[in-house]
Amino acid sequence: MNLSDLPKLGNKRIKALSESGIDTILDLMNFLPRRYLDKTTVLPIRQVSGNGEQVTVVGRIKKIQQSGYGRKKRLEIIIQDDTASLKGVWFKGGYYIKKQFSEGEVVAFFGKAKQYGRYLSMAHPEVDKLDDKSDISDLKKIVPIYPSNNAFSKHRITNKLIHSWQKQILQKEKPPEFLPPYILSEYDLPKRHLAYRMMHFPQSKSEYKKAFIRFKFEELFLFELSVAKTKHEVIEQHQGPVFNNLGNYTKQFFNKNLPFELTEGQKSALSDIKKDVRSGKQMNRLVQGDVGSGKTIVAIGAILMALDNDFQAAFMAPTEILAEQHFRTLSSFLDPLDINIRLLVGNQKPTLRTDILTDIEGGNCDIAVGTHAIIQEEVNFYRLGLAVIDEQHRFGVKQRAEILTKGSHPHVLVMSATPIPRSLAMTLYSDLDISVIKGLPGGRKPVKTAVRPQKKQADIYRFVEEELAAGGQAYVVYPLVEESEKMDLKDATAGFEKLKKRFSDFEVGLLHGQMKSEEKDAIMQKFIENKIQLLVSTTVIEVGVDVPNASIMIVEHAERFGLSQLHQLRGRIGRGKRQSYCILIHGQKVSKEGQFRLRKMAQTNDGFEIAEADLKLRGPGDFLGTKQSGMPEFRVADIVEDQWILEQTKSAAWEIMDKDPHFEEPPHQELKKVFLPYFKERSKFYGMG
Ligand code: ADP
Ligand code: MG
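If you're wondering where the values come from, they're calculated on a predicted model, not measured in any experiment.

Turning our eyes to something else, we now look at the overall build of the chain. Within the chain, the secondary structure is distributed over 24 helices and 21 strands. For the C-alpha atoms alone, the extent of the chain along its principal axes is close to 85 × 70 × 40 Å. Taking all 689 residues of the chain together, the buried fraction comes to 53%. Residue pairs at least 24 apart in sequence account for 74% of intrachain contacts in the chain once pairs closer than 6 positions are excluded. By element, 50% of the accessible surface of the chain is carried by carbon and sulfur atoms, the whole surface being about 33200 Å².

Printed below as a string of structure tokens:
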């Protein structure tokens, strides 16, 4: 069956549908209702209480009118059912709304109703146009409401018309089932063709709910199956190096040299790693832990396991500054052990570079520290057993896959200080196993956070002065203004000039995005060496840079920052012995959401709690920042709300991978047809195909 086989579907309508991504019969079947109306969800207007609860009402448009003048100008649409009338009010966008509706039409309003004087009103309701002839008082059936748009209105693709097409389609088409029968029964899912009926012609609310669950399940299942398949292939193809020997390095370091007790989180991450590296399979693990949770020690533990088994390790950071910092940290922690650690960065003298490369190739170098260039370029390792990647969010899935398939197939350990809620992590890092380090090492002083208005600036500066005089260092961060680098620079530069005068007894530095990276490094280096006490910056301060002596973070116009960003900034301090303070300065006008964010920051230091709140506020797309973040997009499922379905599909996928990884058995034949093309697409996207 083709779209053109449907009645009342000519070229113009076909084009209008195509603009909404509907090109085939199956696309139309997959066109999801955005809401359902029925007796239980639609209230007669007389029964609407008017105390602000969310309701749906259905009525005929009695009047469309413009009222008020100047700034109070608004559009009103009055609707009426058999019992009473109600007024929809638009303070903005009325012109646009007015064009779409005319008197006599039947519409559904969805929104919060309030009593104002004589009238029950709803401000900015969502409006759905219903079919002219639908009987308002007798809304017995459940009616799906499909999304509409201008093109649909123009070509009279009404809700009723779409519904009638669905009916015709379902009479003729019976889409084949591809989920194996035992999965349907295990997870109590309706068969595919029934689910379409239940979605477009539900007999009850529970029917369409079940239908939606089924479609979410199949979507997430294909995704999880492709994840499982990829992992399975990696496992089949490459044996990971086996680190069976818990030898001298590990024992000496953890028993004698480690200056503190490991936290529970560190211990459990290390035990996950130990299991991985002994399993004979390649490790591909993410350790997530808040800034300061002590991920470096966990990495050192993994590195020592490699060394004890005569393998080399690579330790990679996103920038040279961070690489140098890690090099120093590793060198000092591992000083008592007889280990050869080399730092490989871009600006080294050719003779030194040759010497380092020879060491790495000949096996004299045990640990190579550097940027990710050390594994991507011409560097040949003698016997690489482990690659540690710090601050993973700058590494794509693709680069990780490259490392996994490199020469000796080293184990990969990725470390991230960006807390990602579990729901997102499961899809975003689907190719990784995840360990979470909860909490911070004991004995550290939690950062104190204060939220202050701009007008307290003089007090704040006095406080900063005292801290600097007592030997501390401070950051002052300015926001990006409307994503414009020039404006951003203006703010920070002006702030820098002002602060240089105010803090004339101290050295004040400026760091911004338009500097060359050598300039940035030079400034940062001065700050690390305490040759600069007050560092004015835009948001470019390097993630992960450790300046333990920095004890103050001032964020100007903090209301403009996202929660996760504020948390990252706060993570720059509280890394040493000094009590640290984060002062969030806000302007006069702060939106409700802005207030919420500032309050949340003052309330908790827990990065995961903040990430959850941030995700709720912004949704997954904005939370991760970009579309290219590698996050798969789902048509039906919502990875935050449907987390439980995602977990189910993960077990279902592994059930199949364990039983029949090449889809040879009869119950998997239909699945194979659907899955293989899907898998191919996805692999291409991730550069692993
Ligand atoms: P991050 O997770 O941000 O990379 P680091 O590994 O840099 O954190 O550790 C932060 C600081 O805490 C370092 O100075 C480190 O030596 C120290 N540290 C790590 N683990 C512990 C522990 N178990 N007890 C006390 N201090 C610790
Ligand atoms: Mg770190």
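I303, L330, L334, I367, L386, Y475 and M524 are the most contacted members of the largest nonpolar core, which has 68 residues in total. Here this core takes 10 residues from helix α11 (residues 295-308), the largest share from any one element. The two domains that each donate at least three residues to this core are domain 2 (248-437) and domain 3 (448-604). Residues A425, L615, A652 and A653 belong to the second largest nonpolar core, which totals 58 residues.

So, about the sheet that holds strand β17 (residues 473-477). Pairing within the open sheet is parallel, and its six strands lie in the order β16-β21-β20-β17-β19-β18. The sheet is open, and its two borders are formed by β16 (448-453) and β18 (508-511), each paired with just one other strand. Looking at each pair of strands side by side, their axes are set apart by 20° on average, direction ignored. Relative to strand β20 (residues 550-555), β17 is paired through five bridges, and the arrangement is parallel. Looking across to β20, one finds that V477 is bridged to V555. Docked against the sheet, helix α17 (residues 457-469) engages β16, β17, β19 (534-537), β20 and β21 (581-586), running at close to 165° with respect to β20.

What follows deals with the sheet that holds strand β13 (residues 384-390). Sheet architecture is open: seven strands sit in the order β11-β12-β10-β13-β14-β9-β15, paired in parallel fashion. Where the open sheet ends on each side, the last strands, each with one partner, are β11 (341-344) and β15 (433-437). Across this sheet, the average inter-strand angle for adjacent strands is 20°, counted without regard to direction. When β11 meets strand β12 (residues 367-371), the two strands line up parallel, connected through four bridges. Bridging across to β12, L344 finds its partner in G370. Contacting β9 (284-289), β14 (411-416) and β15, helix α10 (residues 264-278) crosses the sheet at an angle of about 160° to β15.

So, about the site of ligand 1. Ligand 1 sits among 15 residues. The nearest are E261, Q266, G292, K295 and T296. Between ligand 1 and G292 there is a distance of 2.6 Å, counted from an oxygen atom to a backbone nitrogen or oxygen. Side-chain polar atom of K295 to an oxygen atom of ligand 1: 2.7 Å apart, as the coordinates give it.

The next subject is α10. The terminal C-alpha atoms of α10 lie 21 Å apart, and with 15 residues this matches the ideal 21 Å at 1.5 Å per residue to within 8%. Residues G265, Q266, A269, L270, I273, D276 and V277 constitute the buried set of α10. Buried residues of α10 fall within an arc of 125° about the axis and therefore sit on the same side. Of the exposed residues in α10, those oriented more than 90 degrees away from the buried face are E264 and K275. The secondary structure elements touched by the buried residues of α10 are α9 (248-257), β9, α11, β14 and β15. At the C-terminal side of α10, G280 shows a positive phi close to 85°.

Time to look at the pairing of β14. Counted residue by residue, β14 has six buried out of six residues, so it is predominantly covered. Taking every second residue as pointing to the same face, both faces of β14 are buried, with H411, L413 and M415 on one and V412, V414 and S416 on the other. With five bridges joining them, β9 and β14 adopt parallel strand pairing. The residue of β14 that forms the bridge with Q288 is S416. Direction of pairing for β13 relative to β14: parallel, over a ladder of five bridges. Looking across to β14, one finds that V388 is bridged to L413.

With that settled, consider the domain arrangement of the chain. With domains assigned, the chain is organised as domain 1 (41-140), domain 2 (248-437) and domain 3 (448-604). A C-alpha centroid distance of 61 Å is found between domain 1 and domain 2.

Two elements in contact, helix α20 (residues 563-570) and helix α22 (residues 607-624), have axes whose closest approach is 8 Å; the angle formed by their N-to-C orientations is 140°. One element, α20, and the other, α22, form an angle in the oblique class. Where α20 abuts α22, its residues L563, S564, H567 and R570 lie against G607, I610, A611, A613, D614, L617 and F623. In the contact of α20 with α22, the residues fall into six nonpolar, three polar and two charged.

Time to look at the pairing of β17. Across the five residues that make up β17, a large majority, five, are buried. Where β17 meets β19, four bridges bridge the pair, whose relative direction is parallel. When the bridges of β19 are listed, V476 appears paired with V536.

Glancing now at the packing of aromatic side chains. Under the defined criterion, the tally for this structure stands at 18 aromatic pairs. Considering the side-chain rings of F253 and F333, the 6.3 Å spacing of their centres and the 75° angle between planes classify their relative orientation as edge-to-face. With F253 in helix α9 and F333 in helix α12 (residues 320-333), this residue pair connects regions lying 80 residues apart in the sequence. Residue F253 is classed as buried on the basis of its relative accessible area, which comes to 0%. Centroid distance Y475 to F527: 4.9 Å. Interplanar angle 55°. Geometry classified as tilted. In this pair, Y475 is assigned in strand β17 and F527 in helix α19 (residues 517-528), connecting sequence segments 52 residues apart. Using a relative accessible area of 0% as the deciding quantity, one classes Y475 as buried. Since its relative accessible area comes to 0%, F527 is described here as buried. Linked through ring pairs, F253, F254, F260 and F333 together constitute an aromatic cluster. Stacked on the ring of F110, the Lys or Arg R35 has its end atom at 4.5 Å from the ring centre.

Before going further, it helps to examine α12. With 14 residues, α12 extends 20 Å from end C-alpha to end C-alpha; this agrees with the ideal 20 Å at 1.5 Å per step. At its buried positions, α12 is contacted by α11, β10 (312-317), β11, β12, β13 and α19.

What follows concerns the pattern of salt bridges. A side chain with one charge can pair with a side chain of the opposite charge if their charged atoms come near. Counted by the stated rule, this structure contains 28 salt bridges. The residue E76 makes a salt bridge to R74 at a minimum N-O spacing of 3.1 Å. When its relative accessible area of 3% is taken as the criterion, E76 is described as buried. Residue classification places R74 among the partly exposed positions, given a relative accessible area of 26%. Each of R34, R35, E126 and D128 takes part in one network of salt bridges that share partners.

What counts as what
- Residues numbered from 1 in each chain as written.
- Chains lettered and ligands numbered in written order.
- Predicted model: local features only at pLDDT ≥ 70, side-chain atom pairs only at ≥ 80, totals over all residues.
- Heavy atoms only, no water.
- Helix = DSSP H or I, 4+ residues; strand = E, 2+ residues; numbered from the N terminus.
- Buried < 20%, exposed > 50% of the residue type's maximum accessible area, 1.4 Å probe, protein only.
- Contact = heavy atoms within 4.5 Å.
- Areas by Shrake-Rupley, 256 points an atom, 1.4 Å probe, with all protein chains shown as cover.
- Core = buried A, V, L, I, M, F, W, Y, C linked by side-chain atoms within 4.5 Å.
- Domains from an automatic or database assignment.
- Pairing = 2+ DSSP bridges.
- Axes fitted to C-alpha atoms, helices over the stretch in contact; angles between N-to-C directions.
- Near = heavy atom within 4 Å.
- Polar contact = N/O pair within 3.5 Å; in protein donor to acceptor, adjacent residues only side chain to side chain.
- Expected span 1.5 Å × (residues − 1).
- Arc of directions from axis to C-beta.
- Parallel < 35°, antiparallel > 145°, perpendicular 65-115°, else oblique.
- Nonpolar A, V, L, I, M, F, W, Y, C, P; charged D, E, K, R; others polar.
- Phe/Tyr/Trp six-rings, centres within 6.5 Å; stacked < 30°, edge-to-face > 60°.
- Lys NZ or Arg CZ within 6 Å of the ring centre and 35° of its normal.
- Salt bridge = Lys/Arg side-chain N within 4 Å of Asp/Glu carboxyl O.

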